[in-house]
Each structure stands twice: as C-alpha cells, then as structure tokens.
Amino acid sequence: MNLLQKYGDFLVYCVFGAMATAVNMLSYELLYSAWGLANVPSVALSWLLAVTFAFFTNRYIVFRGRKGEVMKHSMLFELGSFYLCRAASGLLDVAIMFVAVDVMMWQHTLWKFISNLVVGLCNYLAGKFFIFAKRK
C-alpha cells in the first residue's frame, strides 16, 4: 500500500480542513474585529458557519458519502453526530479562546489559528472513527 492510499483521506481532509479553517478564521475576524462583536459570540458564530461548511465537504468529498443513498436516516444520523461531536470541539474552541483572549489578553488571531489546529485534529479523529466510519 503506497502512502497516498494509506493517508489519502487525511490529506483530502487537510485540504478541506484548511478551507473550513479559513471560513472559521475569516468570519471570526469579521465578527470580532470589523463588527466589534465580543470574543465568545464571535467564536460561536464562526464555529456555526465553519461546521456547516465542513459537514457537507466531509460527507461528500473527504469520507465519500454513499451517492444515491435511499435511507435518509443515515444522513440524519451523520448530521446529528457531526454537530454533536463538533459541539464538543466547539466548546474546546470557546474555552481556548476565552482563556487566551479574554483572560490572558493574548493576540486573538494567533490564538484562533492555534485553537483551530487543536480542534481540527479532534474533529478529524471523530469524523474518521465515529461519524463517517464505514458500517457493515
């Protein structure tokens, strides 16, 4: 098995994860810096936008959802699982950002990037082994 076959899902996930990170960071920057919304609501709203983008790219591209799937309960299960797992990592994002920006007064853009790296790894593992795992 060559490296591309072995790590293909992870590489594709990284590309679309970078796009979701861009959605997250750009919307956060717009909400927090440009519109003056407080840190935690900015994190929460940017999370919602990025998660919605990520669900569809993960389902149909990264983990190649079954095309023409007749059973809608599978997509509903995946959608519910995805948002539930992402809610957990979203809370991690909020916690990191709250401590770094509101408590420690550290630079918000740098810490949003660091938070996205930590959260992205957690999200990949949840998607790979739980949400979009191949079922028999």
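Worth saying up front: this structure is predicted, and the values here are computed from it rather than measured.

Rules used throughout
Residues numbered from 1 in each chain as written. Predicted model: local features only at pLDDT ≥ 70, side-chain atom pairs only at ≥ 80, totals over all residues. Heavy atoms only, no water. Salt bridge = Lys/Arg side-chain N within 4 Å of Asp/Glu carboxyl O. Helix = DSSP H or I, 4+ residues; strand = E, 2+ residues; numbered from the N terminus. Buried < 20%, exposed > 50% of the residue type's maximum accessible area, 1.4 Å probe, protein only. Phe/Tyr/Trp six-rings, centres within 6.5 Å; stacked < 30°, edge-to-face > 60°. Lys NZ or Arg CZ within 6 Å of the ring centre and 35° of its normal. 1 Å grid on protein atoms, 1.4 Å probe; cavity = no way out; pocket = protein on both sides within 12 Å on 5 of 7 lines; lining within 4 Å. Points joined across faces, edges and corners; volume = space filled by probe spheres on them. Polar contact = N/O pair within 3.5 Å; in protein donor to acceptor, adjacent residues only side chain to side chain. Core = buried A, V, L, I, M, F, W, Y, C linked by side-chain atoms within 4.5 Å.

A. Representation of the pattern of salt bridges within the structure. In this structure the tally under the stated criterion is two salt bridges. Here Arg59 and Glu78 are joined by a salt bridge, their closest N and O atoms 2.5 Å apart. Taken together, the residues Arg59 in helix 2 (residues 39-62) and Glu78 in helix 3 (residues 72-103) connect sequence positions 19 residues apart. Grouping residues by exposure puts Arg59 and Glu78 together as buried. Across the salt bridge formed by Lys112 and Asp93, the nearest N and O atoms sit 2.7 Å from each other. Of this pair, Lys112 sits in helix 4 (residues 108-131) while Asp93 is found in helix 3, placing the two residues 19 residues apart along the sequence.

B. Representation of the packing of aromatic side chains within the structure. Under the definition given, this model contains six aromatic pairs. An angle of 80° between the planes, with centres 5.1 Å apart, marks the rings of Phe55 and Phe56 as edge-to-face. Looking at Phe55, the relative accessible area reads 0%, which means it is buried. Their ring planes at 70° and their centres at 5.2 Å tell us that Phe55 and Phe82 sit as a pair that is edge-to-face. In this pair, Phe55 is assigned in helix 2 and Phe82 in helix 3, connecting sequence segments 27 residues apart. Of the two residues, Phe55 and Phe82, neither departs from the other in class, the shared state being buried. Taking the ring centre of Tyr28 as reference, the NZ or CZ of Lys112 above it sits at 5.4 Å.

C. Quick peek at the layout of surface pockets. Its boundaries defined by the atoms lining it, the largest pocket holds a volume of some 420 Å³. Contributing to the lining of the largest pocket are 26 residues, with Tyr13, Gly17, Thr21, Asn116 and Gly120 lying nearest its centre. Elements with a contribution of two residues or more to the lining of the largest pocket: helix 1 (3-34), helix 2, helix 3 and helix 4. Here the lining of the largest pocket gets nine residues from one element, more than from any other, and that element is helix 1.

D. Expanded view of helix 4. Along helix 4, the residues classified as buried are His108, Lys112, Ser115, Asn116, Val119, Asn123, Tyr124, Ala126, Gly127 and Ile131. Residue Gln107 occupies the N-cap position of helix 4, its side-chain oxygen lying 2.9 Å from the main-chain nitrogen of Thr109.

E. Focus on the nonpolar core. Residues Ala20, Trp47, Val51, Ala54, Phe55, Phe82, Ala126 and Ile131 constitute the largest nonpolar core, which totals eight residues. Listing elements by their share of this core, those giving two or more residues are helix 2 and helix 4. Broken down by element, the residue count for this core peaks at four residues, all from helix 2. Grouped together as the second largest cluster of nonpolar side chains are five residues, Tyr13, Phe16, Val62 and Phe63 included.

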